[in-house]
Amino acid sequence: MTLVVSALVTFMAPSISYAQGNSAASVGNMDLNLKKAIEIALAENPTIKVADKDIQLKEIADKEAWQALLPSVSANMSLSHSIQVAAIKTAMGEFKMGADGTTTAMAGLTMTLPIYAPAVYQNMKMTKEDILLAQEKARSSRLDLVNQVTKAYYAALLAQDSRDVIKRSYDVAKQNFEVVDKKFQVGKVSEYDKISAEVQMRSMNSSVTSAETGLNLALLRLKVLMGINTAIDINIKDSLKDYEKDLTLSKTQVNENELVNNTALRQLDMNKNMLERANKLLKTSFLPTVGMQLQGQYQSYSNDNWNVFKYKFSPSSTLALSVSVPIFQASNWTKLKSNKLQIEQLADTRTNTMRQLSMAAQSYRKNMISTITKLESDREAVKQANKAVTISAKRYDVGRGTILELNQSETALTQAELTYHQSIYDYLTNKADLDYTMGRE
C-alpha cells in the first residue's frame, strides 16, 4: 500500500506548483468519464491553442511568399537647393551644370514587377511544406495530450480504487476491534488480541489518509491537464474493474508498418522535405532573375524661389527590363555542402528513431501480454483471499484461530485487491503508450 501511494505522489508532484497558481474563481461539480476528459482537454488546454495559432502563422507566411510576385509601387519626392553647382572645364572653356542658388523639385512613381524569380517560386513551395509540418506538430500536441490525459485518468481510477480497498479494509479492522474489545471487557479474549486488533485498525486508518492524499493529487493532475479550474470537484463513476473486458490480446497487435504514423517519424520526414526544398532554394542562387521597372517623374530645374506651385514641371518616363546573372559567390557552394550534410544527418536520426520506436512498441506489447496472463492469477488470488478471510473469521469466533491469523488474512486480501487493480492499470497505461507510439488517434 505504501508503494502504491508513493508512486501516485511521485506521479502527481510535478503538477502541484502549476495547479496552485490556478485561479479558484469558480467552484462546481463535474461528472467525468474518459471520453469527456479528453474532449475538455482538447478544447481547453493552452498547448493545443498555441499549436493551432502556429498553423495560422504559417498560413500568413504562405500568403507573404506568393505576394512577392505582385508588383510593388513606391512614390518619391525631393526638393534640393544648389548653393554652388559643379562646372565642366574643357579646352573650350568652363560650363556650369546649372545655376548657383537655385532649387530643383522632383516627384515620381516607380512600379517594379518580378518576371522570373526562381527563389520566390521555391520559397512558395517551402511555405507549403512548413504548413504541413505545423499541422503535424499540432497533431503531435493532440496525441501527446490525449496520452497524458488518458494515463492521468487511469491513475485517478487506480487511486480511487486503492482508496476504496483500503477504506473497506479499515472498516473491517474497525469492526474487528470493536468485537474484540467487547470480548476483552467480559474476559473472553486476552489483552494481546485487543492490542493486535487496535494496532491493525490504527495502521489501516493511516493508510486511508495516505490513499486520500494520493487520490487528491491524481485528480489535481487530471484537472491541470484538462485545463479546468482546480476548485471544481470531479466525480468519477468509473472503476478499473469496468475496463477488465477490454484486456484482450487483439489490442496488443503491433504492425510495424503503422509506425509510419508515429508523429516523430512524420516530422522527421517533413523536415527532410524541407531540407530538400531548401537545397533547391539554394541552387536558385546560380540562376538569373528577370525584372521589369516602370518609372514616371515630374521635374523642375533652376528655380530661384521656394514656391513649388509656380514651378514649370516637365514629365519623363522610363521602362526598364533588367536581368541579373550571378557569376561567382563562394558561400553558395558552402551552403549547399552544409545542406547535404544536414540531409544525411536527418536520415541517420530517422533510422535510429525507427529502431527505438520499434523496440518501445514491442516492449509495450509484451507488457500487455504479461499483464493479461498475470491478471487471471490476480483474480484467483482475490477469490482465495476472500475465502481465507471468511475461514479465519469463523475460526476466531469459535476459538480455533488467533487474532494474528485474522489480521494476516485481511492484509492478504487487501494486497491481492490492490495487485489486481494495479494489473489492470498497467495494461491500460501500456496500451495508451502503444497507441501513442503507433500514432493511433
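Residues numbered from 1 in each chain as written. Predicted model: local features only at pLDDT ≥ 70, side-chain atom pairs only at ≥ 80, totals over all residues. Heavy atoms only, no water.

**Quick notes on the packing of helix H5 (residues 118-185) against helix H7 (residues 263-283)**
Right, so step 1: Packing of H5 against H7 brings their axes to within 9 Å, and their N-to-C directions diverge by 170°. The angle between the axes of H5 and H7 places the two elements in the roughly antiparallel class.
Right, so step 2: Of the residues that constitute the contact of H5 with H7, the class distribution is nine nonpolar, seven polar and nine charged. (Axes fitted to C-alpha atoms, helices over the stretch in contact; angles between N-to-C directions. Helix = DSSP H or I, 4+ residues; strand = E, 2+ residues; numbered from the N terminus. Parallel < 35°, antiparallel > 145°, perpendicular 65-115°, else oblique. Nonpolar A, V, L, I, M, F, W, Y, C, P; charged D, E, K, R; others polar.)

**As for the pairing of strand S4 (residues 93-96)**
Right, so step 1: Looking at chain direction, strand S3 (residues 87-90) and S4 are connected through four bridges and run antiparallel. The residue bridging Lys89 from the neighbouring strand is Glu94, located in S4.
Right, so step 2: From the end of S3 to the start of S4, which pair antiparallel, there are two residues. (Pairing = 2+ DSSP bridges.)

**Observations regarding the side chain of Asp62**
Right, so step 1: Among the structural elements, Asp62 can be located in helix H4 (residues 46-67).
Right, so step 2: Judged by its relative accessible area of 10%, Asp62 falls in the buried class.
Right, so step 3: Residues within four places of Asp62 in sequence aside, it is in contact with Met124, Thr127, Lys128 and Ile131. (Buried < 20%, exposed > 50% of the residue type's maximum accessible area, 1.4 Å probe, protein only. Contact = heavy atoms within 4.5 Å.)

**Here's the deal with the packing of helix H6 (residues 191-226) against helix H9 (residues 403-438)**
Helix packing for two helices is described by the angle between their axes and how far apart those axes are.
Right, so step 1: Running from N to C, H6 and H9 cross one another at 15°; their axes reach a closest spacing of 9 Å. Relative to H9, the element H6 lies roughly parallel. Relative to H9, the crossing made by H6 is right-handed. Contacts between H6 and H9 involve Tyr192, Asp193, Ser196, Ala197 and Gln200 from the first element and Ile403, Asn407 and Thr411 from the second.
Right, so step 2: Taken together, the residues that form the contact of H6 with H9 break down as three nonpolar, four polar and one charged. (Left-handed = near helix turned anticlockwise from the far one by under 90°.)

**So, the sheet that holds strand S7 (residues 289-303)**
Right, so step 1: Taken in spatial order, the four strands line up as S2-S5-S7-S8 in an open sheet, and their pairing is antiparallel. Bordering the open sheet on either side are strand S2 (72-82) and strand S8 (314-324), each of which pairs with just one other strand. The average undirected angle you get between the axes of adjacent strands in this sheet is 20°.
Right, so step 2: Two strands pair when backbone bridges link them, and S2 and strand S5 (residues 102-116) are joined in this way by eleven bridges, in the antiparallel orientation.

**Regarding the confidence of the model for the protein**
Right, so step 1: With 93% of its residues at a pLDDT of at least 70, the protein reaches an overall mean of 87.
Right, so step 2: Of the regions scoring below 50 in pLDDT, residues 1-26 engages in 40 contacts with residues more than four places distant in sequence or in other chains. (pLDDT = per-residue confidence, 0-100.)

**A look at helix H3 (residues 34-44)**
Right, so step 1: The set of residues buried in H3 consists of Leu34, Ala37, Ile38, Ile40 and Ala41. Buried residues of H3 fall within an arc of 165° about the axis and therefore sit on the same side.
Right, so step 2: On its buried side, H3 packs onto strand S1 (29-32), H5 and H6.
Right, so step 3: Put simply, Asn33 is the residue that caps the front of H3, since its side-chain oxygen is 3.4 Å from the backbone nitrogen of Lys35. (Arc of directions from axis to C-beta. Polar contact = N/O pair within 3.5 Å; in protein donor to acceptor, adjacent residues only side chain to side chain.)

**Focus: the environment of Met97**
Right, so step 1: Among the secondary structure elements, Met97 is positioned in the loop between S4 and S5.
Right, so step 2: Between the alpha carbons of Met97 and Gln84 there is a distance of 9.7 Å; along the sequence they are 13 residues apart.

**So, unusual backbone geometry**
Right, so step 1: The phi angle at Ser302 is positive, at roughly 55°, despite the residue not being glycine.
Right, so step 2: Inspection of the secondary structure puts Ser302 in strand S7.
Right, so step 3: Assessed through its relative accessible area of 42%, Ser302 is described here as partly exposed.

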